[in-house]
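Coordinates in review
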Amino acid sequence: MTRPAARGGRTSADRLARLLNLVPYLLARPGIEIAEAAHDLGVTEKQLREDLELLWVCGLPGYGPGDLIDMAFDGDRVTITYDAGIDRPLRLTPDEALALVVALRMLAETPGVANREAVERALAKIESAAGDLAGAPVEVRLPGDTARVRELRAAVERGRALRITYYTAARDETTERTIDPLRMLMVGGRAYVEAWCRRAEAVRLFRADRIDAVNELAEQAVVPPQARPHDLSDGVFRPSPDLPLITLRVGRGERWITEYYPCERVEADGEQWLVSLRVTDLGWARRFVLGLGSDVTVVAPTELAEQVRAQAAAALDAYATPVDRADPAVAGATGVS
């Protein structure tokens with residue numbers, strides 16, 4: 001998503017940086033002409049006047065008389081008469097410093113963070129300057145930050161190829177794979193290894209909590225030049241026209257799926273909704289629908305409806321079969337003697 005630009009064709013971040021620079025600039029040049037200041041700052045006179053109007057409502061908490069930045073105008077000249085302390089170096093309170101330390105520690109622990117060394121250097125400087133915070137009893141642990149994630153991250157940082165045992169939920173199967181890791185990353189609160197999969201001969205994402213076993217190989221990871229990281233700006237699953245499209249009729253109790261899964265079409269059908277979405281394959285869709293219960297009906301494709309009907313009937317038949325408790329095998333399995 002593209003961030004909207006502020007007036008003058010500049011982003012909000014650009015304007016904030018300009019405002020922070022504007023106060024010390026004007027303090028060093030009392031009575032400067034607005035045209036000269038605009039030229040120095042690389043903005044139009046109109047934009048500078050708008051920035052000055054915004055400065056008038058900026059200042060210290062309380063935002064009353066004596067808290068806000070103040071200026072005096074003499075024709076086309078401007079002078080800062082009260083700077084609200086922006087000219088002073090930033091000094092963190094103990095609470096502010098501790099909050100910053102916690103945030104940096106969390107950032108350092110997040111898989112996939114670029115320039116981790118820079119984060120750790122900044123953390124070391126703040127802890128050193130803060131003194132007592134260096135030994136503060138603060139432990140940062142991200143959701144899903146398990147021993148497995150730490151093991152994977154260490155292997156990825158060492159640049160080694162990995163042999164993994166991986167459970168693929170879409171096909172409900174466990175496979176052995178050799179992968180050449182590209183990076184660790186966190187998406188939607190879950191840790192992933194993005195790697196070149198030698199079995200699939202393509203870049204794949206592997207969820208850390210679905211990796212049952214990891215064996216770090218002696219060989220270095222070798223990623224082919226054609227391998228490209230995924231664009232995860234819209235999430236892990238990216239629906240495409242080549243994937244199967246399913247349509248479900250859902251009741252009120254299952255409408256949550258329209259918020260949890262990317263849907264191509266949602267429309268009211270009386271008291272129910274017709275929901276169309278792309279899926280990785282029909283095997284996953286069958287298990288998905290069966291898990292939703294009786295408040296969902298498959299509209300299309302017919303193949304999926306038949307698979308769901310057949311598996312539901314098989315489950316009912318299994319429950320309908322009487323159990324012979326005299327059978328030693330059954331007695332042993334149920335603990336009945």
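Residues numbered from 1 in each chain as written. Predicted model: local features only at pLDDT ≥ 70, side-chain atom pairs only at ≥ 80, totals over all residues. Heavy atoms only, no water.

This part is about the overall build of the protein chain. When its secondary structure is counted, the protein chain shows ten helices and 14 strands. The 337 residues of the protein chain split such that 34% are buried. Summarising the internal contacts of the protein chain: among those between residues at least 6 apart in sequence, 54% fall at separations of at least 24. Of the roughly 20500 Å² that the protein chain leaves accessible, carbon and sulfur atoms contribute 53%. (Helix = DSSP H or I, 4+ residues; strand = E, 2+ residues; numbered from the N terminus. Buried < 20%, exposed > 50% of the residue type's maximum accessible area, 1.4 Å probe, protein only. Contact = heavy atoms within 4.5 Å. Areas by Shrake-Rupley, 256 points an atom, 1.4 Å probe, with all protein chains shown as cover.)

Before going further, it helps to examine the pairing of strand E11 (residues 245-250). Judged from the six bridges that link them, E11 and strand E13 (residues 272-278) form a sheet pairing that is antiparallel. Within the sheet, the bridge partner assigned to Thr 247 lies in E13 and is Ser 276. With four bridges connecting them, E11 and strand E14 (residues 296-300) associate as antiparallel partners. Each residue of the ladder has a partner; that of Thr 247, found in E14, is Ala 300. (Pairing = 2+ DSSP bridges.)

Ordered by their spatial adjacency, three strands build an open sheet running E3-E5-E4, and the pairing between neighbours is antiparallel. Lying at the two open borders of the sheet, with one neighbouring strand each, are strand E3 (32-33) and strand E4 (70-74). Note: E4 against strand E5 (residues 77-82), five bridges, orientation antiparallel. Paired with Asp 74 across the bridge in E5 is Arg 77.

Let's shift gears to the pattern of salt bridges. Summed over all chains, the structure comprises 13 salt bridges. Across the pair Arg 77 and Glu 33 runs a salt bridge whose closest N-O atoms are separated by 3.2 Å. With Arg 77 in strand E5 and Glu 33 in strand E3, the pair connects residues that are 44 residues apart, well separated along the chain. You can call Arg 77 partly exposed: its relative accessible area is 38%. The partner of Arg 278 in a salt bridge is Glu 264, with the nearest N and O atoms 2.7 Å apart. Linking Arg 278 in strand E13 with Glu 264 in strand E12 (residues 263-269), this pair joins segments that are 14 residues apart in sequence. Residue Arg 278 is classed as buried on the basis of its relative accessible area of 15%. Residue Glu 264 is classed as partly exposed on the basis of its relative accessible area, which comes to 48%. (Salt bridge = Lys/Arg side-chain N within 4 Å of Asp/Glu carboxyl O.)

Strand E9 (residues 202-207) sits mainly inside the fold: five of its six residues count as buried. Where strand E8 (residues 190-197) meets E9, six bridges bridge the pair, whose relative direction is antiparallel. Within the sheet, the bridge partner assigned to Ala 195 lies in E9 and is Arg 204. Between E8 and E9, which pair antiparallel one after the other, the connecting turn spans four residues, and Glu 201 there sits at a positive phi close to 55°.

One open sheet accounts for four strands, arranged E12-E13-E11-E14; its pairing is antiparallel. In the strand order of this sheet, the two ends are held by E12 and E14, each with one partner. For this sheet the average axis-to-axis angle between neighbouring strands, irrespective of direction, equals 25°. (Axes fitted to C-alpha atoms, helices over the stretch in contact; angles between N-to-C directions.)

Take the packing of aromatic side chains next. All told, the structure shown has eight aromatic pairs when counted by the stated rule. Ring geometry for Tyr 166 versus Phe 206: centroids 5.0 Å apart, planes at 90°, classification edge-to-face. In this pair, Tyr 166 sits in strand E6 (residues 160-168) while Phe 206 sits in strand E9, placing the two residues 40 residues apart along the sequence. On the numbers, 5.1 Å between centres and 70° between planes, the contact of Tyr 261 with Phe 288 is edge-to-face. In this pair, Tyr 261 sits in the loop between helix H7 (257-260) and E12 while Phe 288 sits in helix H8 (residues 282-292), placing the two residues 27 residues apart along the sequence. Residue Tyr 261 is classed as partly exposed on the basis of its relative accessible area, which comes to 21%. (Phe/Tyr/Trp six-rings, centres within 6.5 Å; stacked < 30°, edge-to-face > 60°.)

Contact geometry of H8 with helix H9 (residues 302-320) gives a least axis separation of 10 Å together with a crossing angle of 55°. When the interaxial angle is binned, H8 and H9 end up oblique. The element H8 and its partner H9 pack so that their crossing is right-handed. Across the interface between the two elements, Leu 282, Ala 285, Arg 286, Val 289 and Leu 290 from H8 touch Glu 303, Leu 304, Gln 307, Val 308, Gln 311 and Ala 312 from H9. Each residue belonging to the contact of H8 with H9 can be placed in one class, and the counts come to seven nonpolar, two polar and two charged. (Parallel < 35°, antiparallel > 145°, perpendicular 65-115°, else oblique. Left-handed = near helix turned anticlockwise from the far one by under 90°. Nonpolar A, V, L, I, M, F, W, Y, C, P; charged D, E, K, R; others polar.)

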